[in-house]
Amino acid sequence: VQAYQQTHQRPNGIAPGAPLKSMGWYHATQLLNEDSGINARLDYVVEPWFLSDPGKCTPGYDEFIQFKKKLEATNGIQFFQSVEEVPPLSDNTTKRIAIISARTSSNPSLFASCLSIGCTAIFLEKPGAPAVSQLEQMALDAKAKNVRVFMGFNKNVSKYVTKTRELASSHLNKENLNITFVHNNNYENTPEALGECFERNAEGMLKNMAIHELALLVTFYNVTVDTIRSVVADEEHSSCQTLIGPSSGKEFTDFDKLKFRIVTKDGVRVSIVADRCGGDDSIGIVTSTTEGKGKQEEEELSRFSMPDPEDATSISDAERRLPGAMPYFYVQDPDYFALKQRVAKAVVEGGEAEGVATIDVAVETLKVAEYLTPILKEQLLTE
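The present account deals with the structure reproduced in this document.

Cut-offs and rules
- Note on numbering: residues in each chain are counted from 1, in written sequence order.
- Local features in this predicted model are restricted to residues whose pLDDT is 70 or higher, and side-chain atom pairs enter the listing and the counts only when it is 80 or higher, whereas totals over whole chains, interfaces and linings include all residues.
- The side-chain figures draw on all heavy atoms in the structure; neither hydrogens nor water molecules are used.
- To count as a disulfide, a pair of cysteine sulfur atoms needs to be within 2.5 Å.
- For every residue, the accessible area obtained with a 1.4 Å probe (protein chains only) is divided by the maximum for its type, and the residue is called buried under 20%, exposed over 50%, and partly exposed between those limits.
- Residues enter a nonpolar core if they are buried and are Ala, Val, Leu, Ile, Met, Phe, Trp, Tyr or Cys, with the set joined through side-chain atoms within 4.5 Å.
- By the criteria applied, helices consist of DSSP H or I runs no shorter than four residues and strands consist of E runs no shorter than two, each listed in order from the N terminus.
- Note on contacts: a residue pair qualifies if any of its non-hydrogen atoms lie within 4.5 Å across the two residues.
- Basic side-chain nitrogens of Lys or Arg form a salt bridge, by our definition, when they fall within 4 Å of a carboxyl oxygen of Asp or Glu.
- Whether two aromatic rings pair depends on their centres lying within 6.5 Å, for rings of Phe, Tyr and Trp, where Trp uses its six-membered ring; planes under 30 degrees apart make the pair stacked, over 60 edge-to-face, and the rest tilted.

Our focus in this paragraph is the state of the cysteines. Here the structure, examined in full by the defined rule, presents zero disulfides. A disulfide-free cysteine, Cys 119 has its sulfur positioned 4.8 Å from the sulfur of Cys 114, the nearest such atom. Under the relative-accessibility criterion, Cys 119 is labelled buried at 6%. Of the cysteine sulfurs around Cys 197, a residue in no disulfide, the closest is that of Cys 277, at 8.0 Å.

A few words now on the nonpolar core. Counting 67 residues, the largest nonpolar core has Phe 111, Ile 122, Phe 260 and Leu 372 as the members making the most contacts within it. If you tally residues by element for this core, the top one is helix 10 (residues 359-381), at nine residues. With sequence-adjacent residues up to four places away left out, Phe 111 is seen in contact with Ile 100, Ile 122, Leu 124, Met 138, Ala 142, Val 149 and Ile 359. By size, the runner-up hydrophobic cluster in this structure holds 48 residues, among which are Trp 25, Ile 38, Phe 150 and Ala 325.

What follows covers the pattern of salt bridges. Using the criterion set out here, one finds 19 salt bridges in the structure. The residue Glu 370 makes a salt bridge to Lys 207 at a minimum N-O spacing of 3.2 Å. One end of the pair, Glu 370, is in helix 10; the other, Lys 207, is in the loop between helix 6 (191-200) and helix 7 (211-221), with 163 residues separating them in the sequence. A relative accessible area of 30% means that Glu 370 is categorised as partly exposed. Note that Glu 349 and Lys 345 form a salt bridge whose closest N and O atoms lie 2.9 Å from each other. Highlighted residues: Glu 349 and Lys 345, both in helix 9 (residues 327-349), separated by four residues, approximately one helical turn. Relative accessible area serves as the criterion here: at 56%, Glu 349 is assigned to the exposed category. A network of salt bridges, in which partner residues are shared, links Glu 136, Glu 364 and Lys 367.

What follows deals with unusual backbone geometry. The omega angle of the peptide bond from Lys 126 to Pro 127 is -10°, so this bond is cis rather than trans. Of note, the phi angle at Cys 57 is positive, near 70°, even though the residue is not glycine. Checked against the element boundaries, Cys 57 lands in the loop between strand 3 (44-46) and helix 2 (61-75). Of note, the phi angle at Asn 146 is positive, near 60°, even though the residue is not glycine. Relative to the elements of secondary structure, Asn 146 occurs in the loop between helix 4 (132-144) and strand 7 (148-151).

Moving on to the packing of aromatic side chains. Within the structure shown, the criterion is met by twelve aromatic pairs. Aromatic side chains Tyr 26 and Phe 329 sit 4.6 Å apart centroid to centroid with 5° between the ring planes, which places their arrangement in the stacked category. On the criterion of sequence distance, the pair formed by Tyr 26 in helix 1 (residues 23-32) and Phe 329 in helix 9 is long-range, its members being 303 residues apart. Taking relative accessible area as the criterion, Tyr 26 reaches 0% and is therefore assigned buried. Aromatic side chains Phe 50 and Phe 64 sit 5.3 Å apart centroid to centroid with 25° between the ring planes, which places their arrangement in the stacked category.

The next thing to look at is helix 3 (residues 107-115). With respect to burial, helix 3 is a largely interior element, seven of its nine residues being buried. Turning to helix 3, its buried residues are Asn 107, Pro 108, Leu 110, Phe 111, Ser 113, Cys 114 and Leu 115.

In short, the description is geometric, and any link to function would need to be established separately.
Okay, structure coming up:
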């Protein structure tokens, strides 16, 4: 993506993947929407897999080629197999932004390549890297080249999260508060659909789907590895499966749903619920624990959901623009627009991107994910 001190700016998309399914494809469609209000324009797309010989004739290849031909013909977008093929900047006033939305295992090498082609900033999709050590090195490398790195944690700017936080902070008796963030996707509950999901998101639920909620905990509730006092999984609302990935034929073991509660050393109680087949909404719930009839009871104070009623029109517009896409793209459309708008504005004007997580937040979030994974597996999978 390239950013200009003008009305429009354009990003470079890295590894867009399969149309209607991948985040990279979705990012490209938002950037090409003339009504988006994103001060950036899409110039180049890098797709290492589908433009390689092994990627031909694999699931999604035909759809990608159709997408490629359409963008080349109607928008003049250029496609490349590697970042190194992207042309150098033609002037010193253009600001280049790379949007990296690839398989997590590919992110470190793609990130290094983006640093080498003169990017002013990088928009990096979650979780950023497979391991904390890699993400930490990526952060150091970016700082050495004075490249700003923003993360695609869209829920940091979601209305339902803001409303949940505001209600919790206004409650006088915070010691009795419980905050729950629910994240649902609507994959079909079949071995085929979940197997494809597990393969495409091989880093696992905590580093992929639920990483958004962990980022909320790190950003707003001071949850870190050092501040966690206890972690308790809910076996009744958790499930793990081993399934075959359709592209590789390999086995992938992951949670299809997961629920757990964290209590910090400061007494903050936050829970995360994630369900691959639970629907297409996300919810913030605030409850208060009271003593009643010799036992503790939880009273729900309120709940807020995504999609927010205020966003009904924009979500309908997304459904019309992108028929047949994964439904969560529609629900998250307003938030991802807001993320890109804020990042582009910050890159052009040099200010902060309000509410947008940085790579430093991502490092702490990934540390928490790596810390929780063995604890939850031991609690839920040990017989």
